[in-house]
Amino acid sequence: MTYVVAEPCIGVKDHACVDVCPVECFYEGEDILLIHPEECIDCGACVPECPVNAIFEESDVPEQWKDYTAKNADPFKGDSNLPKSPTREKWEAERAQEGSAANLYYQKYTPKT
Ligand code: SF4
Ligand code: SF4
């Protein structure tokens, strides 16, 4: 079992979940953060931290976002080389820097907050 990040993360991606994960299993996806399904220890600590309720236990992912289970897991098949997610503080600092990955993210994905 694992936890899964779903659609509400798009345009938010505030990295609040990263700060509380005891095994650092959040990685940078294109539009959302991704949870490595084999590294997640199912502690649930990230769930209350998410301001938009984007994180679900795998068996509890709402019907309309069921495809996000594979979306989280597939990038880790084979030789995945996704970067680990930075802490919220680092992400916020990067966001202020023109042309950085975080800055470009909010140009591409309209901020929801
Ligand atoms: S459930 Fe726990 S281990 Fe899994 S991503 Fe959330 S904080 Fe990390
Ligand atoms: S706390 Fe929620 S919205 Fe923020 S990055 Fe994590 S999953 Fe995305």
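## A few points about the environment of S59
Okay, so step 1: Mapped onto the elements, S59 comes out in the loop between strand 4 (55-57) and helix 2 (67-73).
Okay, so step 2: Given 9 C-beta atoms within 10 Å, S59 falls into the exposed group.
Okay, so step 3: Along the primary structure S59 and Y27 are separated by 32 residues, whereas in three dimensions their C-alpha atoms are 21 Å apart.

## What to know about the site of ligand 1
Okay, so step 1: Around ligand 1 sit 13 residues in total, of which C21, C40, C43, A45 and C46 are the nearest.
Okay, so step 2: Residue classes in the shell around ligand 1 are distributed as 11 nonpolar, 1 polar and 1 charged.

## Considerations on unusual backbone geometry
A negative phi holds for most residues other than glycine; trans holds for most peptide bonds.
Okay, so step 1: One non-glycine residue, H15, lies in the positive phi region at around 70°.
Okay, so step 2: Of note, H15 is situated in the loop between strand 1 (3-5) and helix 1 (16-20).
Okay, so step 3: Positive phi values are uncommon outside glycine, yet N53 reaches one of about 50°.
Okay, so step 4: Relative to the helices and strands, N53 resides in the loop between strand 3 (33-35) and strand 4.
Okay, so step 5: N53 sits in the exposed class, given 12 other C-beta atoms within 10 Å.

## Overview of the packing of helix 3 (residues 88-95) against helix 4 (residues 101-108)
The packing of two helices is summarised by the inter-axis angle and the distance between the axes.
Okay, so step 1: Following both chains from N to C, one finds helix 3 and helix 4 inclined at 75°, their axes separated by 6 Å at the closest point. Classified by the interaxial angle, the pair formed by helix 3 and helix 4 is roughly perpendicular. Along the contact surface, helix 3 presents W91, E94 and R95, while helix 4 presents A101, A102, N103 and Y106.

## Concerning the environment of C21
Okay, so step 1: Among the structural elements, C21 can be located in the loop between helix 1 and strand 2 (26-28).
Okay, so step 2: According to the C-beta neighbour criterion, C21 is buried, with 20 such atoms within 10 Å.
Okay, so step 3: Sequence spacing of C21 and A45 is 24 residues, and the spatial spacing of their C-alpha atoms is 6.6 Å.
Okay, so step 4: In contact with C21, other than residues within four places in its own chain, are F26, A45 and C46.

Definitions and cut-offs
- Residues numbered from 1 in each chain as written.
- Chains lettered and ligands numbered in written order.
- Predicted model: local features only at pLDDT ≥ 70, side-chain atom pairs only at ≥ 80, totals over all residues.
- Helix = DSSP H or I, 4+ residues; strand = E, 2+ residues; numbered from the N terminus.
- Buried ≥ 20, exposed ≤ 12 C-beta atoms within 10 Å, placed from the backbone.
- Near = placed C-beta within 6 Å.
- Nonpolar A, V, L, I, M, F, W, Y, C, P; charged D, E, K, R; others polar.
- Axes fitted to C-alpha atoms, helices over the stretch in contact; angles between N-to-C directions.
- Parallel < 35°, antiparallel > 145°, perpendicular 65-115°, else oblique.
- Contact = placed C-beta atoms within 7 Å.

By themselves, these figures tell us nothing about what the structure is for.
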